[in-house]
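Listed below, chain by chain, are the residues.
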Amino acid sequence: MSRTFARSLLVLLPAYFVVSLAFAHDQASWIMKGGHKNGAGEWCCGEGDCFAIPSEQVSVGQAGYRLYGMETVPFNEAQPSPDGVYWRCKRPDGSRRCFFAPPSSY
């Protein structure tokens, strides 16, 4: 019985991760399809560049949006998120390329 369970895990876990990544990218496809760029003219989204941020991890203060309690995005660098979700797009080095916030949070 445990051998069958272990084999199932070997098949199902990798499939789960592939489906999860594909779903996350599909959710961010509006960013890529919309041709969004940041203030420097860089495209916001490439394959796997944009990730949703849970609203519990974002606070709004006088200086802008505070992400994970570590990074502040000034209001003038935030773009409206039509799906009502916070999104952060990153460069290959991990620095922020674009940030999207629900319009009601401005």
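Looking only at helices and strands, the chain has 2 helices and 7 strands in total. The secondary structure elements of the chain, listed N-terminal to C-terminal, are α-α-β-β-β-β-β-β-β. Per-residue burial over the chain gives 29% buried out of 106 residues. A sequence separation of at least 24 residues applies to 41% of the contacts in the chain between residues at least 6 apart.

Looking at the secondary structure, you find Glu56 in the loop between β1 (50-53) and β2 (58-60). For the pair Glu56 and Tyr68, spaced 12 residues apart in sequence, the C-alpha separation works out to 8.7 Å. Only 3.4 Å separates the side chain of Glu56 from the side chain of Ser55, close enough to count as a polar contact.

Okay, the environment of Arg66 next. Relative to the helices and strands, Arg66 is located in strand β3 (residues 65-67). Relative accessible area serves as the criterion here: at 32%, Arg66 is assigned to the partly exposed category. Apart from residues lying up to four places away in sequence, Arg66 is in contact with Gln57, Val58, Ser59, Glu71 and Thr72. Within the structure, the side chain of Arg66 is placed 2.9 Å from the backbone oxygen of Gly69, a separation counted as a polar contact. Reaching out from Arg66, the side chain makes a polar contact with the side chain of Thr72 at a distance of 2.9 Å.

It is worth spelling out the pairing of strand β7 (residues 96-101) at this point. For β7, the tally of buried residues reaches 6 of 6 residues, placing the bulk of the element in the interior. Two strands pair when backbone bridges link them, and strand β5 (residues 78-80) and β7 are joined in this way by 3 bridges, in the parallel orientation. For Ala78, the partnering residue across the bridge sits in β7 and is Phe99. The sheet contact formed by strand β6 (residues 86-90) and β7 spans 4 bridges and is antiparallel. Residue pairing across strands places Lys90 opposite Arg96, the latter belonging to β7. With antiparallel pairing between neighbouring strands as the criterion, β6 and β7 make up a hairpin whose turn holds 5 residues, including Gly94 at a positive phi of roughly 95°.

Here is what the cut-offs are and how they apply
- Residues numbered from 1 in each chain as written.
- Predicted model: local features only at pLDDT ≥ 70, side-chain atom pairs only at ≥ 80, totals over all residues.
- Heavy atoms only, no water.
- Helix = DSSP H or I, 4+ residues; strand = E, 2+ residues; numbered from the N terminus.
- Buried < 20%, exposed > 50% of the residue type's maximum accessible area, 1.4 Å probe, protein only.
- Contact = heavy atoms within 4.5 Å.
- Polar contact = N/O pair within 3.5 Å; in protein donor to acceptor, adjacent residues only side chain to side chain.
- Pairing = 2+ DSSP bridges.

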